[in-house]
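Listed below, chain by chain, are the residues.
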Amino acid sequence: MHHFHYKDGEMFCEEVPLKKIAAEVGTPFYVYSAATLKRHFEVFDASFEEVPHIICFAVKANSNLAVLNLLGKLSCGADIVSGGELYRALKAGIDPKKIVYAGVGKTEEEIEFALKSDILMFNIESFQELEKINEVAGRLKKKARIALRVNPNVDPKTHPYISTGLKKNKFGIPIENAYQEYEYAASLDNIEVVGAHCHIGSQLTEISPFVDATKIMVDMIKTLKSKGINIKYLDLGGGLGIKYNEEMPPSPKEYADKIIDVIRGLDVTLVFEPGRVIAGNAGVLVTRVLYTKETELKHFKIVDAAMNDLMRPILYGSFHDIKPVKEGHYKTVYGDIVGPICETGDFLAKDRNLPDFQQGDLIAVMSAGAYGFTMSSNYNSRPRVPEILVNKDKYYIVRRRETYDDLIGPESIPEDL
Ligand code: LLP
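The name given to the chain in an unreviewed UniProt entry is Diaminopimelate decarboxylase, with the source organism recorded as Deferribacter desulfuricans. The UniProt entry for the chain carries the following comment under Subunit (unreviewed entry): "Homodimer."

This is the structure in structure tokens:
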């Protein structure tokens, strides 16, 4: 459920007409609904109320400070994958005791930053990383709390680029090696083994891969406990899918019920790292039609947003629903919604039946609140678009539109060239 709806012939985000934001801020822009973010977090949280758990929002999905702050106030933690994400999470006021840190390539500086910030745990992805964290913790005279990220070799049945829990993927430690690695980790002076982690992929629309992976983790934890390695946290990652088009993903409650069934009797605190299911349908990208043209084959609607603003369509062939901001009876035409970038892959919708938008019309690209702005770039020297947060009848510019000076700010021309 989200709070983008039509009223009086116009699309609103909560109680604010998108047309009003477009008139005042210009286009394109991302707009997020605070009520939707809150609702998604609360539904997920309530689904697990019968077991001890911590929810760590996957910052990579949406890392805007205001969004993180809003979630932090609801007692949400953060799943981070870089020093930059740690910096954002802390600045947004997220409790470091609810921060978990994954990623296959943590640098020494990043490890040091996380240790000094006293995060909940590192989710370790390799033997060498374990040794590096032990070494840095020793230098800082600290003990690093760690979980091993285990690769359970379960097929998440999602897009190959966002599958992470298969043997052929770079992530985690193969399940076969996990016991040996745990024993080694437990023997290290500056390491405290506290958890076990897995994350098998993103945009999962079936429950069974989650259940399969959780069973593998539960068996492993039982064996580890019998060997005297006490696992306090079972971090099951993120990955729950959302509805972009025809998908019928399980609800958080259905997901929770199945997971709770599998972990029953195990004395652990569950950790979850949802990203998309919290933020995806809480945001849209609003863009304006600059020009239209028609060829023998199709209609092109050329808009002011482009692949640098929303990469998902070209990167994964992702579908985003396209809705008119002004409700009406549009003729249906076949074609593409394309941006101004000089690449054939620059489209937001391709080979689809679309409303016959006209020059000047506003379009809402739906379900763009996760992996939308965070994956945007300055390609073609396009300033990144603003992010707007709506709360009831008010909107806030929570990231202003970049300027041309922002584009060249970090650059310099050598004087003696
Ligand atoms: N935890 C870890 C360790 C992850 O790698 C990810 C996502 C998540 C949690 C959150 O997954 P979620 O609940 O959002 O599915 N750019 C792609 C998605 C990449 C996901 C990468 N990892 C997209 O636009 O679909």
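Right, picking up where we left off after that structure.
Undergrad: Hey, could you go over the UniProt feature "domain: Orn/DAP/Arg decarboxylase 2 N-terminal" (unreviewed entry) in the chain for me, with residue numbers and the actual values?
TA: Under the local residue numbering, the UniProt record ascribes the feature "domain: Orn/DAP/Arg decarboxylase 2 N-terminal" (unreviewed entry) to residues 36-279. With 41% helix and 17% strand, the stretch residues 36-279 has end C-alpha atoms that lie 8 Å from each other.

Undergrad: Residues and numbers for the packing of helix α8 (residues 208-226) against helix α9 (residues 252-263), please.
TA: The N-to-C vectors of α8 and α9 enclose an angle of 25°; their axes lie 9 Å apart at closest approach. The angle between the axes of α8 and α9 places the two elements in the roughly parallel class. Where α8 crosses over α9, the two elements pack in a sense that is right-handed. Between α8, through F210, V211, T214, K215 and V218, and α9, the contact on the second element is made entirely by Y255, K258, I259, V262 and I263.

Undergrad: Could you give an account of the pairing of strand β8 (residues 121-124), with specific residues and numbers?
TA: What you see with β8 is no split at all: M121 and N123 on one side and F122 and I124 on the other are buried throughout. The pairing of strand β7 (residues 99-101) with β8 spans two bridges and is parallel. If you follow V100 over to β8, its bridge partner there is M121. Once you follow β7 into helix α5 (residues 108-117) and on to β8, the crossover reads as right-handed.

Undergrad: How would you sum up the sheet that holds strand β2 (residues 10-13)? Please name residues and give values.
TA: Taken in spatial order, the three strands of this open sheet run β1-β2-β3, and their pairing is antiparallel. Strands at the two margins of the open sheet, each flanked by one partner only, are β1 (4-7) and β3 (16-17). Examined bridge by bridge, β1 and β2 share four bridges and lie antiparallel to one another. Looking at β2, one finds that Y6 is bridged to M11.

Undergrad: Can you lay out the confidence of the model for the chain for me, pointing to particular residues and giving the numbers?
TA: In the predicted model, the chain carries a mean pLDDT of 96, and the fraction of residues at 70 or more is 100%. Predicted confidence in the chain is weakest over strand β10 (residues 173-174), with a mean pLDDT of 90, and strongest over strand β4 (residues 29-33), with 99. Our summary of model confidence lists the complex with pTM equal to 0.97 and ipTM equal to 0.99.

Undergrad: An account of the UniProt feature "active site" (unreviewed entry) in the chain is requested, with residue identities and associated values reported.
TA: The UniProt entry lists C342 under the feature "active site" (unreviewed entry), expressed in the numbering used here. You can see C342 is positioned in the loop between β17 (332-338) and β18 (347-355).

Undergrad: Can you lay out the site of the ligand for me, pointing to particular residues and giving the numbers?
TA: Residues in contact with the ligand amount to 18 residues; listed here are only the nearest, S202, E273, R312, Y316 and Y371. Within the backbone of G239, an N or O atom sits 2.8 Å from an oxygen atom of the ligand. In the complex, the protein chains occlude 92% of the 590 Å² of accessible area that the ligand would expose alone. Each residue belonging to the shell around the ligand can be placed in one class, and the counts come to six nonpolar, six polar and six charged.

Undergrad: Just give me the short version of the packing of helix α6 (residues 127-139) against helix α7 (residues 175-187), but keep the residues and values in it.
TA: At a minimum axis distance of 11 Å, the contact between α6 and α7 shows a crossing angle of 10°. The orientation of α6 with respect to α7, classified from their angle, is roughly parallel. Where α6 approaches α7, its residues F127, L130 and E131 are matched on the opposing element by E181, Y184 and A185. Classifying every residue of the contact of α6 with α7 by side-chain character gives four nonpolar, no polar and two charged.

Undergrad: Lay out the pairing of strand β6 (residues 77-80) with the relevant residues and their values.
TA: Both faces of β6 are covered, namely the face carrying G77 and D79 and the face carrying A78 and I80. Judged from the three bridges that link them, strand β5 (residues 53-58) and β6 form a sheet pairing that is parallel. Pairing of C56 across the sheet is with G77, part of β6. Looking at chain direction, β6 and β7 are connected through three bridges and run parallel. Paired with I80 across the bridge in β7 is Y101. Between the parallel elements β6 and β7, the chain passes through helix α4 (residues 83-91) in a crossover that is right-handed.

Undergrad: Please provide a residue-by-residue account of the side chain of K301, values included.
TA: Considering the arrangement of structural elements, one finds K301 in strand β15 (residues 299-303). Under the relative-accessibility criterion, K301 is labelled buried at 3%. A distance of 2.6 Å separates a polar atom in the side chain of K301 from a polar atom in the side chain of D356. The contacts of K301, once residues within four sequence positions are left out, are Y291, T292, V333, D336, I337, V338, P355, D356 and F357.

Undergrad: Break down the packing of aromatic side chains for me, with residues and values.
TA: Evaluated as defined, the whole model comprises twelve aromatic pairs. These aromatic residues form a ring-pair network of at least three members: F44, F48, F210, Y255 and F272. Sitting above the plane of the F319 ring, R352 keeps its charged end 3.8 Å from the centroid.

Undergrad: So, α7: which residues are in play, and what are the values?
TA: Side chains three or four residues apart in an α-helix point the same way, a direct result of the helix having 3.6 residues per turn. The end-to-end C-alpha distance of α7, which contains 13 residues, comes to 19 Å, matching closely the 18 Å that a straight helix rising 1.5 Å per residue would cover. Considering bend angle alone, the principal kink of α7 is centred on E181 and spans about 25°. Residues of α7 that are buried: I175, A178, E181, Y182 and A185. On its buried side, α7 packs onto α6, β9 (144-151), β10, β11 (191-197) and α8.

Rules behind the numbers
- Residues numbered from 1 in each chain as written.
- Predicted model: local features only at pLDDT ≥ 70, side-chain atom pairs only at ≥ 80, totals over all residues.
- Heavy atoms only, no water.
- UniProt positions renumbered as here; feature names shortened; annotations may be inferred.
- Helix = DSSP H or I, 4+ residues; strand = E, 2+ residues; numbered from the N terminus.
- Axes fitted to C-alpha atoms, helices over the stretch in contact; angles between N-to-C directions.
- Parallel < 35°, antiparallel > 145°, perpendicular 65-115°, else oblique.
- Left-handed = near helix turned anticlockwise from the far one by under 90°.
- Contact = heavy atoms within 4.5 Å.
- Buried < 20%, exposed > 50% of the residue type's maximum accessible area, 1.4 Å probe, protein only.
- Pairing = 2+ DSSP bridges.
- Right-handed = clockwise from strand over helix to strand, strands pointing away.
- pLDDT = per-residue confidence, 0-100.
- Near = heavy atom within 4 Å.
- Polar contact = N/O pair within 3.5 Å; in protein donor to acceptor, adjacent residues only side chain to side chain.
- Areas by Shrake-Rupley, 256 points an atom, 1.4 Å probe, with all protein chains shown as cover.
- Nonpolar A, V, L, I, M, F, W, Y, C, P; charged D, E, K, R; others polar.
- Phe/Tyr/Trp six-rings, centres within 6.5 Å; stacked < 30°, edge-to-face > 60°.
- Lys NZ or Arg CZ within 6 Å of the ring centre and 35° of its normal.
- Expected span 1.5 Å × (residues − 1).
- Bend = angle between axes of the 7 residues up to and from the residue.

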